[in-house]
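# Report on the structure
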Amino acid sequence: MKALQVSRVTKSYGADPVLRGVSLTLGVGERAALMGPSGSGKSTLLNCIGGIDRPDEGVIEIAGQSLGTLDEDGLCRLRRETVSTVFQFFHLLPTLSARENVEFPMQLTGIAMAERAERVAALIEEVGLSHRAGAMPHELSGGEMQRVAIARALAIRPRLILADEPTGNLDSATGEAILDLLESVSERHGIAMLVVTHSRQVTRICGRTFEMKDGIILGQEAEG
Amino acid sequence: MKGKETSVAVGRLLWTRFVWRHWRREPALTLMLVAILALGVAVFLAVRLANKAAVTGFGMFTESVSGESDFLLRPKAGLLDAAILREMRTVSGHAPLGIFPVLEASGVFADAVEGVMLRFVGTDLVALRNAANFAAGGGKGEGVSFSAEEGQTSPLGVSRVVYVGGAFAKARGVKAGDEVEVIINDALVLLTLGGILPDDPNRAAVPENLVLMDLPGLQALAGRKGRLSRVELRIPPGATAGRVREEMATRFAGFATERGLILETPGDRKSSVTQMSAAFRLNLTILSGLALLVGIYLIMQAMEAAVVKRRGEIAVLRSLGVTPSQIRRAWLVEGLILGLVGSLAGVVLGRLLAVGLVGAIGKTVNTIYYETTSSAVTLERGELIFSLVFGIVASVLAGLVPARDAAMTPPAQAMRQGMQGGGLTLLRRWPLGLVFLLASLGCAMLPPLRMASGTVVPLGGYLAAMMLVFAASILIGLLFRPVAAALGKGRGEAMRGYAASQLRRPEGRHRLTAAGLAVAIGMSAAMGILVASFETTLTSWIQQLLKADLYVAAAGASSVTNENSLSPETWKRILAVKGVAGADKLQRYTISLEGKDVFLGGADYNDDASRFLQLIWIDPPAEKGPGALSGEGREQPPAWVSESFSRRFGYEKGDVLKVPVESGSQAVEITGIYAEYGNETGTILVGREFTSQWFKDERISQMAIYTAAGADPESVLGAIREVSAGLVARTNEKLRSESIRIFHQTFAVTYALEAIAVIIAVTGLGLALAGLLLERRNELATLRALGASRRGIARASMWEGIGLALAGLAGGYVLSFFLGWVLIRVINPQSFGWTLRYQVPWPSFAALAVITLATAALVSWAVGYRNANLKSDREE
Amino acid sequence: MKKRFLTVTPRLAAASLLFGLSTGNLGAGDWSVPRVGHVLNFPRDHGSHPDFKIEWWYLTGHLFAGERRFGFQATFFRLGQKPVGVPAGEDFGTEQFYLAHMGLSDPATGAFLHEERLNRGGWDAGATVDDLEVNNGNWSLHRTDAAMELEGTIYAEAALSLKLVPKKGHVIFGEEGISRKGPEGTAASYYITFPRLIAEGTVMIGGEEIEVKGEAWMDHEISSSQLDRNQIGWDWACLQFFDGREIMGYVLRTEEGKPSDFSKLVWIAEDGELTHVKHGDYEWRHEGSWTSPVTGATYPISPLIRTTDPVSGAERQLRLLPLMDGQEMVGAAGGVSYWEGACDVRDEASGVIVGRAYLEMTGYADDIGKKLR
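Calculation criteria
Residues numbered from 1 in each chain as written. Chains lettered and ligands numbered in written order. Predicted model: local features only at pLDDT ≥ 70, side-chain atom pairs only at ≥ 80, totals over all residues. Helix = DSSP H or I, 4+ residues; strand = E, 2+ residues; numbered from the N terminus. Buried ≥ 20, exposed ≤ 12 C-beta atoms within 10 Å, placed from the backbone. Contact = placed C-beta atoms within 7 Å. Nonpolar A, V, L, I, M, F, W, Y, C, P; charged D, E, K, R; others polar. Pairing = 2+ DSSP bridges. Axes fitted to C-alpha atoms, helices over the stretch in contact; angles between N-to-C directions. Core = buried A, V, L, I, M, F, W, Y, C linked by C-beta atoms within 7 Å. Domains from an automatic or database assignment. Arc of directions from axis to C-beta. Right-handed = clockwise from strand over helix to strand, strands pointing away. Parallel < 35°, antiparallel > 145°, perpendicular 65-115°, else oblique. pLDDT = per-residue confidence, 0-100.

Per the secondary structure count, chain B includes 25 helices and 24 strands. Within chain B, buried positions represent 55% of all 876 residues. For chain B, contacts bridging at least 24 residues in sequence account for 85% of all contacts bridging at least 6.

See the structure below:
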C-alpha cells in the first residue's frame with residue numbers, strides 16, 4: 001500500500017486550468033520534493049491532497065483511502081488521523097501554548113489525557129523544545145515555532161506529512177536544522193512527506209523531486 | 001494652507017479608496033454595524049418617547065384650557081370662590097389680560113365604574129374664544145363653524161351638554177347628539193354630547209378621558225356652585241406683552257400672598273404634577289440609561305472590531321506616509337457616517353417601538369396615578385432630533401478610542417507578522433475599576449440635592465450608580481481568567497479548551513462584550529431587586545393594612561387624583577345596611593404645602609381601638625387608642641404623617657405644622673409617623689371632625705366596613721351596592737388581589753424593557769463573536785487543517801460565547817447587588833421617602849441567567865457554524 | 001335663518017365654542033321695539049336697554065400728535081339672547097352677550113390694529129341701565145358728568161386711554177324720535193349721537209406712549225332689528241367739517257342692488273339743528289375699490305357724496321379719502337366683517353380738504369342682514 005497515490009488529477013478555477021493531469025506516488029516513509037515556479041499549481045495540488053480542496057477529476061488515495069469517497073466529516077477525520085500539514089508561517093494557534101498546540105490534535109481525536117500528556121512530552125522532547133514547552137507562540141522564535149508545528153504534525157501519528165515551504169520563513173541555518181528534524185522524524189516514524197518548496201536545499205532530504213510547471217509534472221502528459 | 005488642502009485631499013482619498021470600499025466589499029458587516037447603532041438609538045428613543053408620552057399625559061391639560069396661559073392662580077387647599085374673578089379684573093386694571101376660570105371634577109362611565117377616570121373641565125365656553133384670538137394674534141375668522149340642530153339645548157349655562165375629543169368619541173363610538181351616562185361623585189348623570197373637539201395637528205391631541213363643559217353646568221353637576229379649581233391668566237401677544245407680564249406677575253403675586261393663594265406658571269404646575277410620577281420616571285430613567293450604555297458598548301465594540309480587522313491595511317497606509325492624525329480623522333468620519341445612517345434607521349425603529357411601549361406605559365401610569373390616557377406619541381420632533389444627535393455623538397465618541405488605537409498602529413515594516421489586538425487598553429486597567437468602585441461608595445454617601453423648586457434629586461445616588469457601572473465594566477476583565485479556568489477544566493474537549501484559551505487572553509472586544517452584557521444584566525437585575533423589594537414591602541403592608549371585611553369607595557377612587565366622593569346621605573345609608581357593624585371613614589384633599597402638593601386626610605376611625613394597630617409605624621404616637629386623633633386636651637389637633645411626607649418636608653414627631661385649608665390655615669401637631677406606599681407625595685392624617693369643619697364638607701372618599709358577627713360579607717356587599725350606583729364595593733380578598741394586580745401591571749413594562757436590553761446585549765455578543773471569527777480566519781483554516789469539523793468550530797464559538805456570557809452574568813449579578821443597594825437605600829428614600837426591604841428575587845435571577853446562557857450558547861453556536869468555513873488570507 | 005353657530009378653532013387643543021350671535025327669529029313680541037313719540041330720558045337712556053335685542057355704543061375719531069395722526073374705533077355691542085332652558089347666572093350669564101371691537105389706524109406705518117372680543121354678560125362684561133357704563137374684559141367706556149372715559153387695548157400691542165368731552169350736545173336722529181330702517185315697524189332704532197367730542201389722552205402703540213388730541217363721534221343705537229328683510233348691508237359715514245358742522249349719512253343696500261328708500265343723510269348745524277335730507281335728494285356714488293386679502297371682499301372705499309348745503313344752498317360734492325386702504329375689521333366671534341376707517345373729506349369743487357370723516361361699509365364680506373335683522 002502506498003502512502004500517497006495521485007492519479008491524473010485535474011482542477012480548474014473557472015476557465016483557468018490549474019492542474020492538468022497530475023500523477024505521483026509516495027511509498028511508505030518516502031520523501032519527495034515538489035518544486036516549481038509560482039502559479040505552477042503546487043499549492044492547489046497540496047490543498048487537494050490535504051482534503052481542503054477537491055479535484056475536478058482524478059483520484060487521490062492516502063494510505064489506501066480514496067479522498068473522493070469521503071464526505072466533509074470523513075475529510076476532517078482524515079486530517080485528524082492520517083495527514084498532517086506543516087506550514088511556511090507555522091500557523092500555531094496563538095492563544096495556546098507550545099504544549100497545548102501539540103496536544104490539540106490529540107484532543108480532537110479523543111486520546112485519553114494520561115496518554116496525551118506522555119506523548120506531548122515525548123514529542124516536545126523529540127523536537128528539542130522541552131525547555132520552551134510552556135511558552136506562548138508569540139514568545140517563540142521562527143525556528144522554535146516550526147519545531148512546535150512539526151511536533152503538532154506528528155501528534156496524530158500521521159502516515160503522510162504535507163510540508164508547504166517549511167523553511168521558507170527561516171534563516172538558512174535554522175532551515176537546515178528544521179530539514180534535519182523533518183528527515184529524522186520521517187525516518188524514525190516511517191512517515192511519508194511531500195515537501196513543496198522553492199529551495200534546492202530541501203531536496204537534500206528528499207529521495208525524489210517532482211518539477212511542476214503549468215499544472216503538470218514535467219515528464220508527464222497533460223490530460224485532455 | 002497647502003497642508004490643510006492636502007490633508008483634506010488625503011481624507012477624501014482615505015474615504016473613497018478605503019472606507020467606502022470596505023463597506024462595499026462587506027455589505028453584510030457594514031449593515032450589521034449600522035444595525036447595532038440603530039438598535040441602540042431605537043431603544044433609547046423608544047424609552048424616551050414612552051417616558052415623555054407618560055409625562056405629557058399628566059401635564060397636558062393644564063396647558064390647553066386657554067391655550068398657553070402665563071399664570072395660574074389656585075388655592076392651597078379646596079376651591080376658589082368665583083367672586084374672586086371680579087377682584088382679579090380690578091387687580092389687573094386696564095391691562096390686557098385674559099382671565100379664564102376653570103373647574104375640574106372627576107367621574108367615571110356608569111358602565112365602567114372601575115375603568116377610565118373621566119376628567120371634567122368646566123370653563124367659560126364663550127370667553128375661550130377670545131383665547132383663540134390671542135393665539136391667532138389677530139382674530140381672523142379661521143374658526144370652523146358647525147351648526148347645531150334647531151331647538152337643541154344651549155351648551156351654555158346649567159346644561160348637561162359636553163364636548164369631547166375625537167379619541168373619546170372613537171373609543172365610545174359616540175357622535176354629536178348622543179347621550180352618555182356617567183357617575184360624578186355618587187350620582188348617575190345623563191350627558192348630551194354637544195360636539196367633538198377637533199385635534200390640532202400642532203398640539204397634543206385632546207385626551208381621551210377629557211370632558212369639556214360650560215363652567216356653570218359643571219359647577220351644578222359636581223355640586224360646586226360658584227366654585228373654581230383655578231384661574232388661568234393669559235397675556236395677549238404684542239410689543240408690551242413682556243412689560244405687562246412683569247406687571248401682572250407683581251400684582252398677582254401680591255394678590256396671591258394676600259389671599260393665601262398660589263400663583264404659578266403652567267411650567268411649575270407641570271413639574272409638580274410630574275413629581276407625582278417620580279417613581280415611575282425613575283424607573284424609566286434607569287432603563288433609558290441602560291439602553292444608552294449598552295448602545296455605547298455595542299458601538300464601541302463594532303468600531304473596535306473594524307479597527308482590528310483593518311489593522312494590516314492601516315499599517316500599510318502608515319508606511320506609505322499617511323499621518324496618525326489623518327488616520328484618526330478618517331476613522332472619526334467613518335464613525336460619524338455610520339452614526340448618521342444608524343441613527344436615522346434607529347429613529348424610525350424607535351418610533352415604531354415607542355408606539356408599542358406607550359400603550360404599555362400608558363396603562364401603567366393609568367393604573368397607579370391618573371386614570372388617564374397617555375397621549376399618543378406626540379410633540380416628538382425634539383425627541384427625534386435629540387436621539388439622532390445622541391446616536392451620532394455616541395458613535396463618534398465610541399469611535400474615539402478605536403480611532404486613537406488605529407492611529408497608533410505602527411507602519412507595516414515595524415509590525416510583526418500576524419500582529420493583532422492592541423485595542424482598548426483602558427479596560428485593562430483594573431485598578432481604575434477599584435477607583436470607580438470607591439468613588440461610587442463615596443457618592444452614595446452624599447446627601448440629596450434639594451432644588452430651589454423643592455424637587456429632591458438623589459444626585460449622589462445617580463452618580464454612585466454610574467460609577468458602579470464604570471467599575472463593573474473595567475473589573476469584569478478580572479473574571480476572564482477564572483471563567484477560562486472553569487471552561488478549560490478537564491481539558492477533555494479540544495474545542496472547549498481552545499475556547500478557554502481565547503478567554504485566557506481576552507481582547508478588547510471580549511472585554512467590551514462582557515462589559516456590555518454585565519451592564520445590561522446588572523441593570524436589569526438591579527431593577528428586579530428594586531421591584532422585588534418594593535413588592536415584598538408592599539405586600540406585607542397591604543396584608544397588615546387591610547383588616548376590614550369590606551371596602552367602599554366612590555367610583556374611580558382607586559386613582560390617586562380622583563375627586564369623587566360619597567355624599568353624607570349615601571354613606572349614612574351604607575352604615576344603616578343590615579350586617580354593617582361599623583366603619584372607618586376617610587376623606588382626602590389635595591393641598592399645597594410649601595409649594596408642593598400633598599394629601600390631607602380626614603380619618604374617622606370609628607370607635608375600635610384595635611384598628612389603630614393597622615398602620616405600620618415608623619415613629620409611633622404615644623397614644624393610639626380611640627380619640628388619639630380627636631385632640632382632646634391638646635392645643636393643636638394631632639396629626640399623623642406618612643414617612644414620605646416626613647422625608648419630603650423634613651418634619652419630625654413633635655413638630656407643629658401649618659396646614660392650608662379652605663378657610664385659611666390650621667396648626668396641627670405631628671404625633672406619629674407611619675409607613676405608606678400608596679403614594680409618594682405624602683399624607684397628613686387628622687381626625688375627620690377637623691377636616692369636615694375646615695372644608696365644610698361631610699363627604700368621604702373611602703370607608704372600611706366591619707360586618708357584624710355572623711353576617712355574610714357577600715350579602716352585605718350586595719346590599720351596599722344597592723345603595724348607590726356611584727360606588728365601588730369590594731371584599732377584603734378582592735381588594736388585596738386588586739392591589740397586587742395593579743402593582744404587577746405597573747411594572748409590566750419594566751420587564752418588557754429589560755427583555756429588550758438583554759436581547760440587545762446577546763445580539764451584541766453574537767456580533768462580537770462574528771467579528772472575532774472573521775479576525776481569526778487564518779486560525780480557523782489551521783483548525784480545519786488540523787481536522788476540526790465545522791461543528792467543532794461552532795462548538796468552540798459556543799463555548800467562547802458561554803464563557804463571555806458567564807463573565808457577563810457573574811459581573812452583572814455582582815453589579816446588580818451593589819446597584820440594587822444604591823437604588824433601595826440611597827435613591828429610593830431620597831426621592832420618594834419609602835423604606836423598602838432589600839429583597840433579591842432569586843428565582844427570576846436564576847431564570848434570567850439560564851435564559852441568557854441558553855440564548856448566548858445558541859447565538860454563538862450559530863455564529864460559529866456560519867463562519868467556520870471562512871476563507872483564510874493565505875488561500876488563493 | 002334659524003341657526004346657532006358653534007365655532008371651533010383648530011388653533012386650540014381644547015377648542016373654543018361659541019353660541020352664535022343670532023338667536024333666531026323670535027318675533028317682535030319677544031323684544032321691545034322703538035315706539036314713535038317715545039321721549040328719551042337722559043342720562044338713563046345713555047345706559048343699557050336689555051329689553052331690546054341689539055344695542056351699541058360706537059366711538060370713532062381722529063387723534064393727532066404733532067405730525068402724527070391716528071384713526072380709532074371702539075365699539076361695545078350688546079346682543080340679547082333668549083336661549084332655551086338655560087337659567088341665568090350672575091357671573092356667567094346667558095341672556096346677554098357682549099361683543100366689542102377695538103381698532104387703531106396708523107397711516108404713518110400703514111398698520112391697522114384691531115381686536116374682537118366676545119363675552120357673556122357676567123363678571124367680565126356688562127352694561128349698567130341707569131347711565132353709560134359698559135365694560136368688556138379690560139375695555140370700558142363710562143360717562144361722568146363732564147366727559148366720557150374710554151379705556152381700550154389691542155392685544156398687548158396698542159392701548160387707548162381717552163377722555164371725551166362733548167363739544168355739542170347729543171342729537172337724536174329720525175322722525176318723532178325713531179330712526180326707521182325699513183317699512184316694517186320693527187326695523188327701527190333709537191339713534192342718539194354725540195356728533196363732536198373733544199378727545200384727549202394717550203395712544204400706546206408698539207411700546208411707545210404718545211399724548212394725543214383730536215375729535216371723535218359717538219353713536220348709541222338701540223333696536224331689536226336694524227335691517228329690513230331685503231337689505232343686505234349699508235354704507236355709512238360721519239363727516240366732521242372744519243366749519244363746525246357735521247353730516248351723518250347712509251345708504252341701505254337692497255338685494256336688488258338699489259339703495260333702499262329708507263337711506264338718509266342729515267346735516268348737523270353748529271348749534272345742533274338737524275336738516276334731514278331724504279333719499280333721492282342726495283347721491284352716494286360708490287367709487288374707489290379695495291379688495292381685502294383676508295375676506296376677499298371688495299369695498300368702494302372712496303365714495304363721492306353729492307348733497308345740497310342747507311346754509312349756502314349750493315350743491316356740494318364731497319369725496320371721502322381713506323387715510324389707508326386696509327381698515328377692515330375682520331370679525332371671527334361675531335362672524336361679521338366690515339370696513340371701518342378714517343378718511344379726509346375733500347370738496348371736489350375747490351379741491352380743498354374741508355373736514356374729517358369715518359366711513360363704514362358692511363355687508364360686503366357677508367350678508368350682515370342675517371345677523372342683524
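This part covers the overall build of chain C. Counting its regular elements, chain C contains one helix and 26 strands. Within chain C, residue pairs in contact and separated by at least 24 positions form 55% of the contacts whose partners lie at least 6 positions apart.

Taken together, the contact pairs 18 residues of chain B with 20 residues of chain A. When residues in the side of chain B that touches chain A are grouped by element, the largest group, six residues, is from helix α16 (residues 494–504) of chain B. Within the side of chain B that touches chain A, the residues separate by chemical class into five nonpolar, seven polar and six charged.

All names here are of chain A. With mixed pairing, six strands are arranged side by side in an open sheet as β6-β7-β8-β3-β9-β10. Of all strands in the sheet, those bounded by a partner on one side alone are β6 (83–86) and β10 (216–217). Pairing of strand β3 (residues 31–35) with strand β8 (residues 192–197) involves five bridges; the strand directions are parallel. Note on β8: the bridge partner recorded for Ala 32 is Leu 194. Seen against the sheet, helix α1 (residues 42–50) touches β3, β6, β7 (160–164), β8 and β9 (208–213) and runs at an angle of roughly 150° to β7. Sitting on the sheet, helix α5 (residues 142–155) is in contact with β6 and β7, with an inclination near 175° to β6.

On to the nonpolar core. Generally speaking, nonpolar side chains in soluble globular proteins are found buried as a group. Grouped together as the largest cluster of nonpolar side chains are 177 residues, with contacts concentrated most on Val 162, Val 164, Val 231, Leu 550, Val 552 and Leu 727 of chain B together with Ala 357 of chain C. Per-element tally for this core: the top contributor is strand β13 (residues 188–205) of chain C, with nine residues. When residues of this core are sorted by domain, at least three fall in each of domain 2 (71–134 + 152–264) and domain 4 (567–723) of chain B. Setting aside residues up to four positions removed in sequence, Val 164 of chain B forms contacts with Ala 169, Leu 193, Ile 196, Leu 197, Leu 210 and Val 211 of chain B. Listed in part, the 134 residues of the second largest apolar core include Ala 305, Ala 406, Tyr 498 and Leu 786 of chain B.

Residue and element names in this part refer to chain B. Within the secondary structure layout, Thr 536 lies in helix α17 (residues 508–545). Look at Thr 536 and you get partly exposed, because 15 C-beta atoms sit within 10 Å. A sequence separation of 303 residues divides Thr 536 from Gln 839, and the C-alpha atoms of the two residues are 7.3 Å apart. In this structure Thr 536 touches Arg 837 and Gln 839, once residues within four positions along its chain are discounted.

This paragraph deals with helix α15 (residues 480–488) of chain B. Side chains that are three or four residues apart share a direction in an α-helix, a result of its 3.6 residues per turn. Residues and elements named next belong to chain B. For α15, the complete set of buried residues consists of Phe 480, Val 483, Ala 484, Leu 487 and Gly 488. Viewed end-on, α15 has its buried residues packed into an arc of 125°, placing them on one side of the element. Relative to its buried face, α15 has exposed residues pointing more than 90 degrees away, namely Ala 485 and Ala 486. Close packing links the buried residues of α15 with α16, α17 and α24 (790–831).

So, about the pairing of β8 of chain A. Residue and element names in this part refer to chain A. Counting buried positions along β8 gives six out of six residues, so the element sits mostly inside the fold. Of the two faces of β8, the one lined by Ala 192, Leu 194 and Val 196 and the one lined by Met 193, Val 195 and Thr 197 are each fully buried. As paired elements, β7 and β8 share five bridges and run parallel to each other. By the bridge assignment for β8, Leu 160 is matched with Ala 192. Since β7 and β8 lie parallel, the crossover through helix α6 (residues 172–189) that links them has a hand, and here it is right-handed.

The next subject is the packing of helix α14 (residues 459–475) of chain B against α24 of chain B. Residue and element names in this part refer to chain B. At their nearest, the axes of α14 and α24 sit 9 Å apart, and the two run at 175° to each other. The angle between the axes of α14 and α24 places the two elements in the roughly antiparallel class. Contacts from Gly 460, Gly 461, Tyr 462, Ala 464, Ala 465, Leu 468 and Ala 472 in α14 reach Gly 811, Leu 815, Phe 818, Leu 819, Val 822, Val 826, Ile 827 and Gln 830 in α24.

Another point: the confidence of the model for chain C. Should pLDDT be low for a region, the predicted coordinates there are not to be read in detail. Residue and element names in this part refer to chain C. Per-chain confidence: chain C averages 85 in pLDDT, with 87% of residues scoring 70 or above. Predicted confidence for residues 1–28 stays below pLDDT 50, and this span has 95 contacts to residues more than four positions away or in other chains. Our summary of model confidence lists the complex with pTM equal to 0.64 and ipTM equal to 0.89.

The next thing to look at is the environment of Asp 70 of chain B. All names here are of chain B. One can find Asp 70 in the loop between α2 (27–64) and β1 (71–75). Take Asp 70: there are 20 C-beta atoms within 10 Å of it, and that puts it in the buried class. Along the backbone, Asp 70 and Glu 232 are 162 residues apart, and their C-alpha atoms lie at a distance of 7.5 Å.

Our focus in this paragraph is the sheet that holds strand β4 (residues 57–62) of chain A. Residues and elements named next belong to chain A. Overall, antiparallel pairing links the four strands, which are arranged β2-β1-β4-β5 in an open sheet. At either end of the open sheet lies a strand with only one pairing partner, and these are β2 (16–26) and β5 (65–66). As paired strands, strand β1 (residues 4–13) and β2 are joined by eight bridges and run antiparallel to one another. Paired with Lys 11 across the two strands is Leu 19, which belongs to β2. Against the sheet, α1 engages β1, β2 and β4, with an angle of about 120° to β1.

Residue and element names in this part refer to chain B. Along helix α3 (residues 84–92), the residues that are buried comprise Ile 84, Leu 85, Met 88 and Ser 92. Relative to the axis of α3, the buried residues are bounded by an arc of 100° and lie together on one face. Residues of α3 that are buried sit in contact with β2 (80–81), β3 (98–109), β11 (230–234) and α7 (241–259). One or two steps after α3, the chain reaches Gly 93, where phi turns positive at roughly 60°.

Okay, the pairing of strand β18 (residues 274–278) of chain C next. All names here are of chain C. Relative to β18, strand β17 (residues 264–268) runs antiparallel, the two sharing five bridges. Of the residues in β18, the one forming a bridge with Ile 268 is Leu 274. Between β17 and β18, which pair antiparallel one after the other, the connecting turn spans five residues, and Gly 272 there sits at a positive phi close to 95°.

The omega torsion across Phe 42 of chain C and Pro 43 of chain C is 10°, close enough to zero to call that bond cis. Structurally, Pro 43 of chain C can be placed in the loop between β1 (4–8) and β2 (54–65). Positive phi outside glycine occurs at His 91 of chain A, with the angle close to 50°. Along the chain, the position of His 91 of chain A falls in the loop between β6 and α3 (98–109). Although it is not a glycine, Asp 214 of chain A sits at a positive phi angle of roughly 50°. Counting through the fold element by element, Asp 214 of chain A comes out in the loop between β9 and β10. Residue classification places Asp 214 of chain A among the partly exposed residues on the basis of 15 C-beta atoms within 10 Å.

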